[in-house]
Amino acid sequence: MGRIAGWLVLLGLGTLCGSWYGSEISGILIAGLLASVAAGALSEWLLPAPGSTWGGALVSLLATFIPDWLFFLPALAFEAGVGLGSMVPATGSVGMKVPQTKDSGLVWPRLLLALLPTFFWLIPGMADLIQFRGLPQRYALLTLLTSALAQGGGLTCAHLAVAKGRVWQIEDIERYRIRQLNGRISDLDEERAQATRMAHLSERTRIARDIHDNVGHLLTRAIMQTQAGRVVAQSKGDQSTEQVFDSVGKTLDEAMTTIRRSVHDLEDEGTDFASQMEDASSEASMGQLQVDLNNGIKTAPAPVCRCLASIVREALTNTVRHSSAKSAQVILRDLPAFWQMVVQDDGAIQQSQPYSSRLKKPELQRGMGLADIEARARALGGTANSGPNRQGWKVFVSLPKEPWFNQSATEHVENKKVMA
């Protein structure tokens, strides 16, 4: 906009000087103004093409024969400077690419023809400077100087526009790089947080195992020794010693219950249910099956997590080995009283393996995989069903939540069994 404003100012000054020189605004002066405006508009439209300055060059040549048009030479020279700056970068090398071919000798004349019109404004100025004397000669000299300055200004404006475009390009590249770096930083922060969380979970699991393997076994041995001492004291009729052993046994029983609860809490907190399901799905698919995991369970006790992960592995392994399925869906639901899991694939049973673990008919022999799934579910008080469904195979598992709500009572019963 600043370049166009400068060009319009030069046109306005030329019109004022022409009207003052001729004492009126004549039709010839208006025609020169319109011709200059048309030449400038054509040049702006064709930039940066090499022929964009020919319109202004023709108007400059006409000014040789029409003295009143001499006052529009600065505006024409300004536009010629803009065209020259568009073709010649600020480094001084010509911006036009010259191909290195056998006919390269014909290219340079074309280049000169493209640059030559940018200096046609010198012709009418020099002609008037040589032809006239007195006041017209002074006007011609002033016009030449003003035109030279205007062309330098146009050249500078063109170079500034190119530099501004480069600055914008550099800013865009830097913004893009900053966005990339911010994305990488976010990814690294997320990975670091995930690694820290996994380290915490692993440490909780390690502590739970250490307590279970060391302190738990020692307490179990102490409970058994106390029970044996109570039996010996009872056989000897020493009631006081029997009461002491009974009191110590109850204390050890409470300690065992507390430690067991703490171990279970640490183990549950150290188990990442989501990652366990994702690992089980990816490992069992072996890269040959597209698995869609829809996990609606945020957390579950460690035994439940291990049970469901094992069943997912077994079900998907059967799908890969004994069917032509291309995809499978694993759905996990967290209901008020149950945890449910559904594994559904889209593959039919391979005819080459009629007695595999995938059953087409009820009378076929059941495989070890399905029996293992049912055994794992029954061990936690649940049920498991498998069979053909919707052009594929479906495994359904349901585990009750009630045993885990009454965990304290269950642990107390288990401790009694240990002491017995």
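Residues numbered from 1 in each chain as written. Predicted model: local features only at pLDDT ≥ 70, side-chain atom pairs only at ≥ 80, totals over all residues. Heavy atoms only, no water.

1. As for the UniProt feature "transmembrane region" (unreviewed entry) in the protein
- UniProt feature "transmembrane region" (unreviewed entry): in the numbering of this structure it lies at residues 28-47, 54-77 and 107-127.
- Taken end to end, residues 54-77 is 58% helix and 0% strand, and its first and last C-alpha atoms sit 12 Å apart. (UniProt positions renumbered as here; feature names shortened; annotations may be inferred. Helix = DSSP H or I, 4+ residues; strand = E, 2+ residues; numbered from the N terminus.)

2. Some thoughts on the pairing of strand S1 (residues 290-295)
- Where S1 meets strand S2 (residues 327-334), 6 bridges bridge the pair, whose relative direction is parallel. Its bridge partner lying in S2, asparagine 295 is registered against leucine 332.
- Note on the crossover from S1 through helix H10 (residues 302-322) to S2: the handedness is left-handed. (Pairing = 2+ DSSP bridges. Right-handed = clockwise from strand over helix to strand, strands pointing away.)

3. Quick word on the sheet that holds strand S4 (residues 383-389)
- As summarised here, the arrangement of the 5 strands in space is S1-S2-S3-S5-S4, forming an open sheet in which the pairing is mixed. Each having just a single partner strand, S1 and S4 make up the two edges of the open sheet. Strand-to-strand, the axes of this sheet are offset by a mean angle of 10°, without reference to chain direction.
- Running over the sheet, helix H9 (residues 273-285) touches S1 and S2 and is turned about 165° from S1.
- Where H10 meets the sheet, its contacts fall on S1, S2, strand S3 (338-345) and strand S5 (392-400), and the angle it forms with S3 comes to roughly 15°. (Axes fitted to C-alpha atoms, helices over the stretch in contact; angles between N-to-C directions. Contact = heavy atoms within 4.5 Å.)

4. With respect to the pattern of salt bridges
- Applying the stated criterion to the full structure yields 7 salt bridges.
- The shortest N-O distance in the salt bridge between aspartate 172 and arginine 175 comes to 2.3 Å. Of this pair, aspartate 172 and arginine 175 both sit in helix H7 (residues 135-236), 3 residues apart, which is roughly one turn of that helix.
- Judged by its relative accessible area of 42%, aspartate 172 falls in the partly exposed class.
- The shortest N-O distance in the salt bridge between aspartate 189 and arginine 192 comes to 3.7 Å. Placement of both aspartate 189 and arginine 192 in helix H7 is noted, with a separation of 3 residues, approximately one turn of the helix. (Salt bridge = Lys/Arg side-chain N within 4 Å of Asp/Glu carboxyl O. Buried < 20%, exposed > 50% of the residue type's maximum accessible area, 1.4 Å probe, protein only.)

5. Let's talk about the pairing of S5
- In terms of burial, S5 is largely enclosed, as 7 of its 9 residues are buried.
- Across 7 bridges, the pairing between S3 and S5 is antiparallel. Paired with tryptophan 339 across the strands is leucine 399, a residue of S5.
- Taken together, the 7 bridges between S4 and S5 define a ladder with antiparallel strand orientation. For serine 386, the partnering residue across the bridge sits in S5 and is valine 395.
- Counted between consecutive antiparallel strands, the loop separating S4 from S5 contains 2 residues, among which arginine 390 sits at a positive phi close to 55°.

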